[in-house]
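# Chain and residue survey
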Amino acid sequence: HKESYEKLHPTGPKHDYAWHTEAMDRAMQGGIDDVGLGVLFGLESYRYEFAALLMHAEHLEAVYGVGPHTISVPRIRRADDIDPSMFSNAVDDETFYKVVACIRVAVPYTGMIVSTRESRECRERLLHLGVSQISGGSRTSVGGYCEPEPEDENSAQFEVSDRRTLDEVVRWLIDLGYIPSFCTACYREGRTGDRFMSLCKSGQIQNCCHPNALMTLMEYLEDYASAETKAAGEALILKELGSIPSEKVRQIVVHNLEKIRNGSRDFRL
Ligand code: SF4
């Protein structure tokens, strides 16, 4: 929303609304064929932001033949210099869930991202509604990944609601019946832009995502997981192998999983 945006960015390089909003067009014109969108819900009416977000996605699809690769759904949360009650458009949980569900239905091919700024309970609900990417073990303060964050950390950009470690988040996803995937195969294979979208729209991408999820999860379990998470993850992988429809693909995955156990890395379909 132009007027709200300009009010909140009175000066500085981000002040130019058009330059900011057209960044994805410039990226696509410059040859970057995977771009992400997202609005910070709560600054303006969620109805306006929701419609504008989908119109932006529609614009990219119409002009470049490829819609957004991902959509992030941040909303105003408490941070050291923000009091959400000051924002009359702040979105409550129930409304937020409806917004996410409607985005999911409107752009079924697009990855949806939610951050650790949302609570565990909220993220669990959002996963059921179609969120496909979540972070874990995030630090929002400057240098936070190099040094432990003190209790009264005051350089944090946002308050993190979900403070669990990555291992705890992975275990939680496994317990919920999801397969935590660390796959980046499409980027590595150059499956981006319209190539990626055609696979997505036909549903064929699932033949890559599912096996890749199992193999990348195995790498995580071997290299980083606690003993409990490793046991739970291996049981999940064993169960999921049975749902790979192609016998040939299943054999490849079984073979690669064995290689991963023996120290090899970076397999993908
Ligand atoms: S194959 Fe991997 S990178 Fe490609 S869409 Fe599936 S999960 Fe994402």
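## A short note on the domain arrangement of the chain
- Splitting the chain by domain gives domain 1 (1–164) and domain 2 (166–269).
- Computed over C-alpha atoms, the centres of domain 1 and domain 2 are 27 Å apart.
- In this complex, domain 1 contributes 18 residues to the contact, which on the side of domain 2 involves 15 residues.
- Carbon and sulfur atoms make up 64% of the area that domain 1 and domain 2 hide from each other, which totals about 1600 Å².
- For the domain 1 face of the interface with domain 2, the top three residues by lost area are His69, Tyr109 and Arg164, together amounting to 39%.
- Residue Lys201 is joined to Glu61 by a salt bridge in which the shortest nitrogen-to-oxygen separation is 2.7 Å.
- Taken together, the links from domain 1 to domain 2 amount to 6 residue pairs in polar contact (both at pLDDT 80 or more).
- At 5 residues, the largest contribution of residues to the side of domain 1 that touches domain 2 is made by helix H6 (residues 120–129).

## Let's talk about the sheet that holds strand E1 (residues 36–38)
- What the 4 strands build is an open sheet, ordered E1-E2-E3-E4; its pairing is parallel. Whereas interior strands pair on both sides, the edge strands pair on one side only; in this sheet they are E1 and strand E4 (133–134).
- Inspection of the sheet shows strand E2 (residues 70–72) paired to strand E3 (residues 111–114) by 3 bridges, in the parallel sense. What sits directly across from Ser72, in E3, is Ile113.

## Details of the nonpolar core
- With 34 residues, the main nonpolar core has Phe41, Val73, Ile103 and Leu126 as its most contacted residues.
- Residue assignment for this core shows that the elements contributing at least two residues are helix H3 (23–29), helix H4 (46–64), helix H5 (93–106), E3, H6, helix H7 (166–175) and helix H9 (193–202).
- Counting residues per element, this core draws most heavily on H5, which supplies 5 residues.
- Two domains share this core, each providing at least three of its residues, namely domain 1 (1–164) and domain 2 (166–269).
- Ignoring any residue separated from it by four or fewer positions in sequence, one finds Phe41 in contact with Tyr46, Glu49, Phe50, Leu53, Val73, Pro74, Arg75, Ile76, Val91, Val99 and Ile103.

Rules behind the numbers
Residues numbered from 1 in each chain as written. Predicted model: local features only at pLDDT ≥ 70, side-chain atom pairs only at ≥ 80, totals over all residues. Heavy atoms only, no water. Domains from an automatic or database assignment. Contact = heavy atoms within 4.5 Å. Buried area = accessible area lost by both parts, 1.4 Å probe. Salt bridge = Lys/Arg side-chain N within 4 Å of Asp/Glu carboxyl O. Polar contact = N/O pair within 3.5 Å; in protein donor to acceptor, adjacent residues only side chain to side chain. Helix = DSSP H or I, 4+ residues; strand = E, 2+ residues; numbered from the N terminus. Pairing = 2+ DSSP bridges. Core = buried A, V, L, I, M, F, W, Y, C linked by side-chain atoms within 4.5 Å. Buried < 20%, exposed > 50% of the residue type's maximum accessible area, 1.4 Å probe, protein only.

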